[in-house]
Amino acid sequence: MTTNRPITALVAALSLSGCAGSDAVARRDLDLLRAEVQGLRQENVQLMRSLDRLSTRIDTLAARASSPIADQPRAAAPPPAAVEVEPTLVPDGLAVVKVEPPKASRAPAIPTSTPLVEPDAARLDAIARKGSRDLAGQADGELKAARRKEPLARAHALEDFVVRYPRHPLAGSALLEAATAYTEAGKSDAACTLGRRVLDEYPASEQVSEALVQVAGCEGRKGASESERRLLTRVVNEFPSTPAARKARERLGSNPGHTGAAAAPEVPARSGP
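Residues numbered from 1 in each chain as written. Predicted model: local features only at pLDDT ≥ 70, side-chain atom pairs only at ≥ 80, totals over all residues. Heavy atoms only, no water.

A. Geometry of the overall build of the protein chain. A tally of helices and strands in the protein chain yields ten helices and zero strands. Ordered by position in the sequence, the α and β elements of the protein chain form the string α-α-α-α-α-α-α-α-α-α. Within the protein chain, the proportion of its 273 residues that are buried is 26%. Here the contacts in the protein chain between residues at least 6 apart in sequence split such that 53% fall between residues at least 24 apart. (Helix = DSSP H or I, 4+ residues; strand = E, 2+ residues; numbered from the N terminus. Buried < 20%, exposed > 50% of the residue type's maximum accessible area, 1.4 Å probe, protein only. Contact = heavy atoms within 4.5 Å.)

B. Up close: the environment of Leu 232. Mapped onto the elements of the fold, Leu 232 is located in helix 9 (residues 225-238). The exposure class assigned to Leu 232 is buried, which follows from its relative accessible area of 0%. Along the chain, Leu 232 and Ala 245 lie 13 residues apart, while their C-alpha atoms are 7.9 Å from each other.

C. Quick peek at the nonpolar core. By size, the foremost hydrophobic cluster in this structure holds 23 residues, and its most contacted members are Leu 158, Phe 161, Val 162, Ala 174, Leu 175, Tyr 182 and Leu 194. No other element matches helix 6 (residues 171-184), which puts eight residues into this core. Counting 13 residues, the second-largest nonpolar core is a separate cluster that includes Val 208, Val 215, Val 236 and Ala 248. (Core = buried A, V, L, I, M, F, W, Y, C linked by side-chain atoms within 4.5 Å.)

D. Here's a closer look at the environment of Ala 216. In this structure, Ala 216 sits in helix 8 (residues 208-221). In sequence terms Ala 216 and Gly 195 are 21 residues apart; their C-alpha atoms lie 9.7 Å from each other. Those residues in contact with Ala 216 that sit more than four places away from it in its chain are Glu 228, Leu 231, Leu 232 and Arg 251.

E. Layout of helix 7 (residues 188-201). With 14 residues, helix 7 should reach 20 Å at 1.5 Å per residue; the first-to-last C-alpha distance of 20 Å fits that figure. Taken together, the buried positions of helix 7 are occupied by Ser 188, Ala 190, Ala 191, Cys 192, Leu 194, Gly 195 and Val 198. On the buried face of helix 7, the contacting elements are helix 5 (151-164), helix 6 and helix 8. (Expected span 1.5 Å × (residues − 1).)

F. Representation of the side chain of Ser 227. Position of Ser 227 among the secondary structure elements: in helix 9. Residue Ser 227 is classed as buried on the basis of its relative accessible area, which comes to 15%. Of note is the side chain of Ser 227, whose polar atom sits 3.5 Å from the side chain of Glu 219. (Polar contact = N/O pair within 3.5 Å; in protein donor to acceptor, adjacent residues only side chain to side chain.)

G. Inspection of the packing of helix 5 against helix 6 at higher detail. Interaxial distance between helix 5 and helix 6 falls to 8 Å at its minimum, and their mutual angle equals 155°. One finds that helix 5 runs roughly antiparallel with respect to helix 6. Crossing of helix 5 over helix 6 shows left-handed handedness. Facing helix 5, whose interface residues are Pro 151, Leu 152, Arg 154, Ala 155, His 156, Leu 158, Glu 159, Phe 161 and Val 162, helix 6 presents Ala 171, Ala 174, Leu 175, Glu 177, Ala 178, Ala 181, Tyr 182 and Glu 184. Grouping the amino acids of the contact of helix 5 with helix 6 by side-chain chemistry returns twelve nonpolar, one polar and four charged. (Axes fitted to C-alpha atoms, helices over the stretch in contact; angles between N-to-C directions. Parallel < 35°, antiparallel > 145°, perpendicular 65-115°, else oblique. Left-handed = near helix turned anticlockwise from the far one by under 90°. Nonpolar A, V, L, I, M, F, W, Y, C, P; charged D, E, K, R; others polar.)

Structure (structure tokens):
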């Protein structure tokens, strides 16, 4: 870029013109010179800016030239994948804590009912079949051992024998003996229960007559004299030649209105509830 005059000459001319006078021509020239100086200053600023940009570009090209990988094209970086952000349901300022659920624990089962003792089916079939002498001998041995015990223990053992061997030929007799043992131990209520069981469970047993006499005594102790008389009369009519019939006749003849001893205190027994 070229100019008609140097900037320093213009400045000097401005100074001289200021001292020459104040006529109109001199003022016009002075204004023109000032405008030209202002334009030159602006051009000078633009030239300095262009020079700075050129210097920066030269430095950049020189740095690329000195680098071994300067001429290699750079691979375009892949755009970052869009990450979907799920809206949170937890308000700001609250922490989410994962709590493990407690392990379920089972309380031990508590029996609420009294288990029933079922007879062994193998033992029952073995007793009913011929050739089961070993098992029958074992049952007879248990019955003999039970009969040697004290009254209360004997009653319990005989009652257990009937539970284990309900089809034994002496099961009805063992049940009646258990009732008698309960009477000896002072447990008349349990004795009456077993006497009635003989009538219900072993109606064909030879001990039915004795069981009827025993149950009649239970009715008498309760004050049911009519029921007692009816049972004793049945013994006399159905079993006339038995020892039980003789006992029934004696009781009927000695006290026609009311027979039987005083009622014994009722005590819970093994065969009771």
